[in-house]
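Examining the three-dimensional arrangement
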Amino acid sequence: MEQLTDYLYDIIQNSIKANAELIELSIVHFDQMVITLSDNGSGMDEETLKKVTSPFYTTKTTRKVGIGLSLIQMLCEQTEGSFLIESKLGIGTSLHMTFNDTHMDMPPIGDLGAFIYDILLHQDIHQFVFSYLSFEGAFKLSIEEMKMMFEQTLTHKDIKDGLIEWINHEIQERRGKQ
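Structural notes, computed from the coordinates. (Residues numbered from 1 in each chain as written. Predicted model: local features only at pLDDT ≥ 70, side-chain atom pairs only at ≥ 80, totals over all residues. Heavy atoms only, no water.)

As for the pairing of strand β1 (residues 22-29)
To be explicit about the condition: We call a residue buried when its accessible area falls under 20% of the maximum for its residue type, exposed when it is over 50%, and partly exposed in between, using a 1.4 Å probe and counting protein chains only. Secondary structure elements are defined from DSSP: runs of H or I of at least 4 residues count as helices, runs of E of at least 2 residues count as strands, and each element is numbered from the N terminus. Strand pairing is defined by DSSP finding a minimum of two bridges between the two strands.
Only one face of β1 is covered, namely the face carrying Ile 23, Leu 25, Ile 27 and His 29; the face carrying Leu 22, Glu 24, Ser 26 and Val 28 is uncovered. Where β1 lies against strand β5 (residues 127-134), eight bridges are found, and the strand directions are parallel. Note on β5: the bridge partner recorded for Ile 27 is Tyr 132. Two strands pair when backbone bridges link them, and β1 and strand β2 (residues 33-39) are joined in this way by seven bridges, in the antiparallel orientation. Bridge pairing links His 29 to Met 33 in β2. In textbook terms, the turn of a hairpin is the stretch between consecutive antiparallel strands, and for β1 and β2 this stretch comprises three residues.

With respect to the sheet that holds β1
Just so we agree on the cut-off: Between the N-to-C directions of two axes lies an angle of 0 to 180 degrees, each axis being a line fitted to C-alpha atoms and, for a helix, fitted only over the stretch in contact.
The strand order across the open sheet built from six strands is β3-β4-β2-β1-β5-β6, with neighbouring strands paired in mixed fashion. Unpaired on one side and paired on the other, β3 (82-88) and β6 (137-142) mark the two borders of the sheet. This sheet shows a mean twist of 10° between the axes of neighbouring strands, independent of strand direction. As paired elements, β3 and strand β4 (residues 92-99) share seven bridges and run antiparallel to each other. Bridge pairing in β4 links Ser 87 to Thr 93.

Examining helix α5 (residues 143-150)
Along an α-helix, a turn takes 3.6 residues, which lines up residues three or four apart on a common side. The line we're drawing: Nitrogen and oxygen atoms within 3.5 Å of one another constitute a polar contact, given that in protein one can donate a hydrogen and the other can accept it, and given that sequence-neighbouring residues count only through two side-chain atoms.
Its side-chain oxygen placed 3.3 Å from the backbone nitrogen of Glu 144, Ser 142 serves as the N-cap of α5. Positive backbone phi, at 45°, marks Glu 151, one or two positions downstream of α5.

Comments concerning the pairing of β5
It is a general feature of regular strands that their side chains alternate between the two faces of the sheet. Two elements, β5 and β6, share six bridges in a ladder whose sense is antiparallel. The partner of Ser 134 across the bridge, within β6, is Gly 137. Linking two consecutive strands that pair antiparallel, namely β5 and β6, is a turn of two residues.

In short, shape yes, function no, at least from these values alone.
Have a look at this one:
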């Protein structure tokens, strides 16, 4: 994985697989980057929660390894950050990740606008809320609002390009000099 958005997309797949109706992604960027990903999917029992970050544990039947969570945990630790996963069976799961984003092992963030647009169009994601907070202010976006606002035109190239550009602009405004 080359960009942080690659890691995020990979772990959002876990929320989709857990039949989450609501997925929330929050990035708080002050002296370090703190990312929280929460869902209201099926959650995990205590036994599964203990094993889930092992690359040798997966619930998939098509392969014997599951590397998504172990890779994001390793990236947090490599960048002098932290990783915490909380889950309750039948309630949902939350990942809390911190990164020293100036660390030499920190990958580039990637195109957050394109990432969010892809999530917006994903047929298995019903509700998605994205928020970005920094010293320069806050930005929040709900897929439900975007779908209501643009209805059938959401997939038009001009709308797609405009939304991606707008999202990236809003995030860049809040990133300021970082």
